[in-house]
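Listed below are the residues making up each chain.
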Amino acid sequence: PYAERRDTRATYGIFVITVDSLTGRLSYDPPGDFEARGTVSYGRADVRRHAPPGLGVMVTDARDFSVEPVLAWRSSSGSGLTLGLHYTRATLDQAIDLTTLAQVAGFGAFDDTQHSLGLFGEGSIVLAPNLTLTGGLRHQYDRQIRKGGLVGTALTLPLDYAKSFSAWLPKVSLAWDISPQWRIGALVQRASNPGGVNLNPASRRIETFDAERLWDI
């Protein structure tokens, strides 16, 4: 039962999160086969961690802005082409109290900024009345900037990290409609995740990690 899983010795605290967001979408669909649309979003999150004094009391102010314009063409035969871009800027300001944590015995303050830009295109060709081939390509660019660090009597770790990552991400799929209710297909695509940096008080080091790449089949 859930009640029996209660940890009375827990010190990880309680999170109080307040999120506000606003999204707008504009679409232009003139007569013909073309369509233009755009989406703009803004969000802000106030995150507060209530913990035992000196064991991770934290205040975080996170904000993000994104914009995505897209142009699309669809023919009467079912073939189509989509072109667009997606840009996101996310910032995070964080302060944390670790004065009671023996490994640090101090405070942490961080100022993070992340930029993400993706340029993408995708086309579909109807090979037969029930067979469609789709191919796409995305170029992804990410930049991570982290400044701040931990300052304490037991440990001081300054942080000044800035690095960019980029990747080409192709995708190919084949769909076969064997009936109006059933479709089978195959998909091959590449995915990526940018690298970054962590602070490890236990090892007393700043640890960086590389970007990740994988194929999904």
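This one's a predicted model, so the numbers in the text were calculated from it and none came from an experiment. (Residues numbered from 1 in each chain as written. Predicted model: local features only at pLDDT ≥ 70, side-chain atom pairs only at ≥ 80, totals over all residues. Heavy atoms only, no water.)

## Here's the deal with the side chain of Arg146
Working step 1: When you line up the elements, Arg146 lands in strand 6 (residues 131-152).
Working step 2: Using a relative accessible area of 18% as the deciding quantity, one classes Arg146 as buried.
Working step 3: Reaching out from Arg146, the side chain makes a polar contact with the backbone oxygen of Val197 at a distance of 3.3 Å.
Working step 4: When sequence neighbours within four positions are dropped, the list of residues in contact with Arg146 reads Phe110, Asp111, Asp112, Leu159, Asp160, Tyr161 and Val197. (Helix = DSSP H or I, 4+ residues; strand = E, 2+ residues; numbered from the N terminus. Buried < 20%, exposed > 50% of the residue type's maximum accessible area, 1.4 Å probe, protein only. Polar contact = N/O pair within 3.5 Å; in protein donor to acceptor, adjacent residues only side chain to side chain. Contact = heavy atoms within 4.5 Å.)

## Considering the layout of surface pockets
Working step 1: The volume enclosed by the largest pocket comes to roughly 320 Å³.
Working step 2: In terms of lining, the largest pocket is formed by 13 residues, of which the most central are Gln94, Ile96, Leu98, Phe110 and Leu199.
Working step 3: Broken down by secondary-structure element, the contributors of at least two residues to the lining of the largest pocket are strand 4 (80-98), strand 5 (106-128) and strand 6.
Working step 4: Considering every element that reaches the lining of the largest pocket, the biggest residue donor is strand 4, with four residues.
Working step 5: Partitioning the lining of the largest pocket into residue classes produces nine nonpolar, two polar and two charged. (1 Å grid on protein atoms, 1.4 Å probe; cavity = no way out; pocket = protein on both sides within 12 Å on 5 of 7 lines; lining within 4 Å. Points joined across faces, edges and corners; volume = space filled by probe spheres on them. Nonpolar A, V, L, I, M, F, W, Y, C, P; charged D, E, K, R; others polar.)

## Overview of the pairing of strand 7 (residues 156-177)
Along any regular strand the residues' side chains alternate between the sheet's two faces.
Working step 1: The sheet contact formed by strand 6 and strand 7 spans 21 bridges and is antiparallel. Bridge assignment links Ile145 to a residue of strand 7, and that residue is Ala162.
Working step 2: Once strand 6 ends, the chain turns through three residues before running back antiparallel as strand 7.
Working step 3: As defined by bridge partners, strand 7 adjoins strand 8 (residues 183-193) across seven bridges and the pair is classed as antiparallel. (Pairing = 2+ DSSP bridges.)

## Points about the sheet that holds strand 3 (residues 57-74)
Working step 1: In space, the nine strands of this open sheet follow the order 1-2-3-4-5-6-7-8-11, with antiparallel pairing throughout. Unpaired on one side and paired on the other, strand 1 (14-28) and strand 11 (212-216) mark the two borders of the sheet. Neighbour to neighbour, the strand axes of the sheet diverge by 10° on average, direction disregarded.
Working step 2: As paired strands, strand 3 and strand 4 are joined by 16 bridges and run antiparallel to one another. Paired with Asp64 across the bridge in strand 4 is Ala90. (Axes fitted to C-alpha atoms, helices over the stretch in contact; angles between N-to-C directions.)

## A few points about the confidence of the model for the protein chain
Working step 1: Chain-level statistics for the protein chain give a pLDDT mean of 93 and a share of 98% at 70 or above.
Working step 2: Confidence scores differ between elements of the protein chain, with strand 9 (residues 196-200) showing the lowest mean pLDDT of 90 and strand 4 the highest of 97. (pLDDT = per-residue confidence, 0-100.)

## Looking at the pairing of strand 8
Working step 1: Where strand 7 folds back on strand 8, the antiparallel hairpin that results is connected by five residues.
Working step 2: Across five bridges, the pairing between strand 8 and strand 11 is antiparallel. Across the sheet, Ala191 pairs through a bridge with Leu214, a residue of strand 11.

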